[in-house]
Amino acid sequence: MRKCTIGLSFLFVAALVLSLAGQSSAGSRILPAGSSFTYDLTVGEDGTVSANWDSSGEVSFVLRDPDGDILRDEIGTSGHVSLYVSTLGTYTLTWINNEATSVTLDYDAVLIPFDIPWDGNGFQEGFDAIGLWVAVVIIGAVLVTSLIIIVLLVFVNEERKSETHPQAVPMMAHHMTPTMKGTCPACGTSVDTNMQFCSRCGTRFK
């Protein structure tokens, strides 16, 4: 029963991680010369779009909002973007191979659905990382608290079960000693003082 409860607890934590982390994708792709790779993040509430990448050659990275407007346009072999977004819809992240040969692209992209204050004019680079770290700390605190509560509930449940069903204490056999006259002290039948049990009533002698 305890193993089952702990297993359900880990499933709950995993579900909580997925619900807090929102959408995410990570992987490695080979981009032929002049080709591109696109990943879409669907925003249903205010949150932070974050992406990191490294490539074996020069690539262009373009982030577009649901209206098709370019929010970020960068060129290089690596990069990082963390941007607070409030417009609902699909945001498109595109990597384009600018080299004459194939390149290997390692990337990760995630949408963190948390409201992070901003000044209404955009997000400053210096504050992007802070906002992302705030989201990570909040997620970690929620997970740790949830796990502690689940563990406590498991042990409290086990304690209640042990109190409801106390372990049976085996009764000690009642030993009696035959009288000096060789009779059973329980039923009075004549017995041999060397006997261990009464032949009539079964009383055990010491």
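Undergrad: Explain the nonpolar core to me, please; I cannot follow it from the model alone.
TA: One broad trend across soluble globular proteins is that nonpolar side chains are buried collectively. Counting residues in each nonpolar core, the largest one holds 22 residues, and the members touching the most others are Phe37, Trp53, Phe61, Leu63, Leu93, Trp95 and Leu105. At the level of secondary structure, the elements contributing two or more residues to this core comprise β2 (36-43), β3 (47-64), β4 (70-85), β5 (89-97) and β6 (103-112). The contacts of Leu63, once residues within four sequence positions are left out, are Asp69, Ile70, Leu71, Arg72, Val81, Leu83, Tyr91, Thr92 and Leu93.

Undergrad: Before we go on, may I ask you to explain a nonpolar patch on the surface in this structure?
TA: The grouping of Val144, Ile148 and Leu152 at the surface amounts to a nonpolar patch, some 290 Å² of accessible area in total. Summarising the element assignment, Ile148 is placed in helix α2 (residues 125-164).

Undergrad: Explain the environment of Leu105 here, please?
TA: On the secondary structure map, Leu105 appears in strand β6. Judged by relative accessible area, which is 0%, Leu105 ranks as buried. Residues Leu105 and Ser78, 27 residues apart in the sequence, show an inter-C-alpha distance of 9.2 Å. Not counting the four nearest positions on each side in its chain, Leu105 is found in contact with Gly27, Ser28, Arg29, Leu31, Phe37, Trp53, Asp54, Ser55 and Trp95.

Undergrad: Explain the pairing of β2 here, please?
TA: For a regular strand, side-chain orientation follows a simple rule: the groups alternate between the two sheet faces. With burial as the criterion, only one face of β2 is covered, namely that bearing Phe37, Tyr39, Leu41 and Val43; the residues Ser36, Thr38, Asp40 and Thr42 on the opposite face remain uncovered. Where β2 lies against β5, 8 bridges are found, and the strand directions are antiparallel. Counterpart to Phe37 in the pairing with β5 is Trp95.

Undergrad: When you look at the confidence of the model for the protein chain in this model, what are you seeing that I'm missing?
TA: Averaged over all residues, the pLDDT of the protein chain is 76; the fraction at 70 or higher stands at 68%. In the model, residues 115-127 has pLDDT below 50 throughout and makes 19 contacts with residues more than four positions away in sequence or in other chains.

Undergrad: What am I meant to see in the packing of aromatic side chains here?
TA: Each aromatic ring pair is specified by the distance between its two centres and by the angle formed by the two planes. Applying the stated criterion across every chain, the model contains 6 aromatic pairs. Taking 4.4 Å as the distance between ring centres and 25 degrees as the angle between the ring planes, the aromatic pair formed by Trp53 and Phe61 counts as stacked. Classification of Trp53 by relative accessible area gives buried; the value is 3%. Residue Phe61 is classed as buried on the basis of its relative accessible area, which comes to 0%. Both rings, one in Phe61 and one in Trp95, keep their centres 5.2 Å apart while their planes meet at 50 degrees; by these two values the pair is tilted. Residue Phe61 is found in strand β3, and its partner Trp95 is found in strand β5; the two are separated by 34 residues along the sequence. There is no split in this pair, since Phe61 and Trp95 are both buried. One aromatic cluster is present, formed by Phe37, Trp53, Phe61, Trp95 and Tyr107 through successive ring pairs.

Thresholds applied
Residues numbered from 1 in each chain as written. Predicted model: local features only at pLDDT ≥ 70, side-chain atom pairs only at ≥ 80, totals over all residues. Heavy atoms only, no water. Core = buried A, V, L, I, M, F, W, Y, C linked by side-chain atoms within 4.5 Å. Buried < 20%, exposed > 50% of the residue type's maximum accessible area, 1.4 Å probe, protein only. Helix = DSSP H or I, 4+ residues; strand = E, 2+ residues; numbered from the N terminus. Contact = heavy atoms within 4.5 Å. Patch = residues over 30% accessible without salt bridge, like charges linked within 9 Å, V, L, I, M, F, W, Y side chains within 5 Å. Areas by Shrake-Rupley, 256 points an atom, 1.4 Å probe, with all protein chains shown as cover. Salt bridge = Lys/Arg side-chain N within 4 Å of Asp/Glu carboxyl O. Pairing = 2+ DSSP bridges. pLDDT = per-residue confidence, 0-100. Phe/Tyr/Trp six-rings, centres within 6.5 Å; stacked < 30°, edge-to-face > 60°.

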